[in-house]
Structures are given as C-alpha cells and as structure tokens.
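# Structural overview
What follows is the residue order along each chain.
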Amino acid sequence: YSMEDGRSIASEMQKAGCRVTVLEREPFVGGMASSFVEDGDEYWTYDFGPHRFHTKDENLIGHVNEILGDNVVMAMRKSRIFLFRQLIEYPLVAGDVLSKMPKLMMIRAMLDYLWVRIQDRVFRKSFNEDRDFESWVTRRYGRTLYRVFFGEYTEKTWGMSPKQISASPSAPALM
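In this text the structure is predicted, and so the values were computed from the model without any measurement.

### Description of the overall build of the protein chain
- For the protein chain, the helix and strand inventory stands at 6 helices and 4 strands.
- Across the 175 residues of the protein chain, 23% fall into the buried class.
- Partitioning the contacts of the protein chain with sequence separation of at least 6, the portion at a separation of at least 24 is 37%.
- Carbon and sulfur atoms make up 57% of the accessible area of the protein chain, which amounts to about 13600 Å² in all.

This is how it looks when you write it as structure tokens:
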C-alpha cells in the first residue's frame, strides 16, 4: 500500500477490532490527498495532489463518504488531458479520442484494439491472467492506447511503474 492509503487502512483495521495509530510524516493528515488554505485567503483552497476519482461503484462511494464524513465536496468538474495540442475528455470518450488523435496513430490504436479483441474471442485468454495494471490496460485497449494515455500518466501520478500496481482490485496496491 502507498502512504496515502493510511487513513483508509486504519479505518478498516479499526472495524476489524484492531487498535490503530496512524503516524504522519507531515504536520497535517492526508498526504497528497490534502488541501490547505493560505493565511488571509477566504476564497481559495489549494490541493497538494489529485482529489478526483471516477467511479460508479456504490461500495467505493460509500467507503469514501464514511472515511471523509462531512469533509466531502461533490463538484461537477470537466477533466481533460492536453495532448496532440488539443484537450481530450477524461475519462476517455471514444469519439473524442478518435477525432483528435493523429490519423496514423488512430489507425494503429484501432488495429491494436481489434487485435486484443480477437485474442480475447479466439484464444479465450482469461482476464484473470493480468499480472499488473499495464497488462490489464493493454489486454483491454491495446498497446498504443496504453502507451499514449495510460502508461506515462499512471507512472507520473502514482510515482511507480504500472508494472508495480496490481491488476486486482482486491490485492494490495503495491506488488
């Protein structure tokens, strides 16, 4: 697990009956998921790191609300990636991506995607064989989309190779 998971892990351990103490390196809680207000600033709140996630999973939403309590602010934000000198919607929208990618890259991405779909149908490779986040994305979207949209971004965001992130939602984050 990464250090940013401390509060969540502590909560789960407490529910299981463990006595827990969370130690923070910084003088505030939350790691990269923290926010701060500068002295005298009555309007702006600044974030240390990313605070957004995209999910429809009711269990995850319930867990986040339980952990954060009344410190949750829901906001409708439009996330975009600046790539190919254009803004591309995030989470990715197929039509938007295809219309903004360079044509040669789009053809390569479509062929890669078709190839992984064929492998899935013909060779019946089990998605349970995914070893890490890189293989999980590559087996669903193809190598080109992984390289362009997921690999470098994931490494930059989490500070580790996508090969070190588990493909299983029930496994620890670090491998």
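### Observations concerning the pairing of strand β4 (residues 86–90)
- Bridging between strand β3 (residues 79–83) and β4 involves 5 bridges; their strand directions are antiparallel. Directly across from I81, in β4, lies its bridge partner I88.
- Connecting the antiparallel pair β3 and β4 is a turn made up of 2 residues, with F84 showing a positive phi of about 60°.

### What about the pattern of salt bridges?
- A full pass over the atoms with the stated rule returns 8 salt bridges.
- Put simply, R140 and D130 hold a salt bridge, and the shortest N to O gap is 2.6 Å. With a gap of 10 residues between them, R140 in helix α5 (residues 133–141) and D130 in the loop between α4 (103–122) and α5 connect regions that are remote in the sequence. In terms of burial, R140 and D130 fall into one category: buried.
- For K163, the salt bridge goes to E134, with nearest N and O atoms at 3.8 Å. Of the two residues, K163 sits in the segment after α6 (143–158) while E134 sits in helix α5, which places them 29 residues apart along the sequence.
- We classify K163 as partly exposed; its relative accessible area is 47%.
- Connected through salt bridges with shared partners, the residues E12, K15 and E66 form a single ionic network.

### Considering the nonpolar core
- By size, the foremost hydrophobic cluster in this structure holds 11 residues: I88, V97, M101, M106, A109, V137, L145, Y146, V148, F149 and F150.
- Among the elements that take part in this core, α6 stands out by supplying 5 residues, more than any other.

### Quick word on the packing of α4 against α5
- With their axes 6 Å apart at the nearest point, α4 and α5 run at an angle of 95° to one another. If you check the angle between α4 and α5, you find them roughly perpendicular. Where α4 abuts α5, its residues Y113, V116 and R117 lie against T138, R139, R140 and Y141.
- Of the residues contributing to the contact of α4 with α5, the split by class is 3 nonpolar, 1 polar and 3 charged.

### Things to note about the packing of α5 against α6
- Where α5 meets α6, the axes come as close as 9 Å, and the angle between the chain directions of the two elements is 150°. One element, α5, and the other, α6, form an angle in the roughly antiparallel class. Note on packing geometry: the crossing formed by α5 with α6 is right-handed. Residue-level inspection shows F133, E134, V137, T138 and Y141 of α5 in contact with α6, the latter providing R143, L145, Y146, F150 and T154.
- Within the contact of α5 with α6, the residues separate by chemical class into 6 nonpolar, 2 polar and 2 charged.

Cut-off values and rules
For every chain, the first residue of its written sequence is number 1, and the numbers climb from 1 along that sequence. Per-residue local features of the predicted model are confined to residues with pLDDT of at least 70, and side-chain atom pairs are confined, for both listing and counting, to 80 or more; whole-chain, interface and lining totals are unaffected and use all residues. Excluded from the side-chain calculation are hydrogens and water; included are all heavy atoms of the structure. Secondary structure elements follow DSSP: runs of H or I of four or more residues count as helices, runs of E of two or more count as strands, with numbering from the N terminus. Three exposure classes are used, based on accessible area relative to the maximum for each residue type with a 1.4 Å probe and protein chains only: buried under 20%, partly exposed in between, and exposed over 50%. Residues are treated as being in contact if the distance between any of their heavy atoms lies within 4.5 Å. Working definition of accessibility: Shrake-Rupley area with a 1.4 Å probe, residue cover restricted to the visible protein chains. Each pair of strands is called paired provided DSSP finds at least two bridges between the two strands. For salt bridges, the criterion is a side-chain nitrogen of Lys or Arg within 4 Å of an Asp or Glu carboxyl oxygen. In these notes, a set of buried Ala, Val, Leu, Ile, Met, Phe, Trp, Tyr and Cys residues joined through side-chain atoms within 4.5 Å is what counts as a nonpolar core. Note on definitions: angles span 0 to 180 degrees between N-to-C directions of axes, and those axes are lines fitted to C-alpha atoms, for helices only across the stretch in contact. Orientation labels follow simple angle bins: below 35 degrees gives roughly parallel, above 145 gives roughly antiparallel, 65 to 115 gives roughly perpendicular, and whatever is left gives oblique. Amino acid classes used here: Ala, Val, Leu, Ile, Met, Phe, Trp, Tyr, Cys and Pro are nonpolar; Asp, Glu, Lys and Arg are charged; the rest, including Gly, are polar. For any pair of crossing helices, the crossing counts as left-handed if the nearer helix is rotated counterclockwise from the farther one by less than a right angle, and right-handed if it is rotated clockwise.

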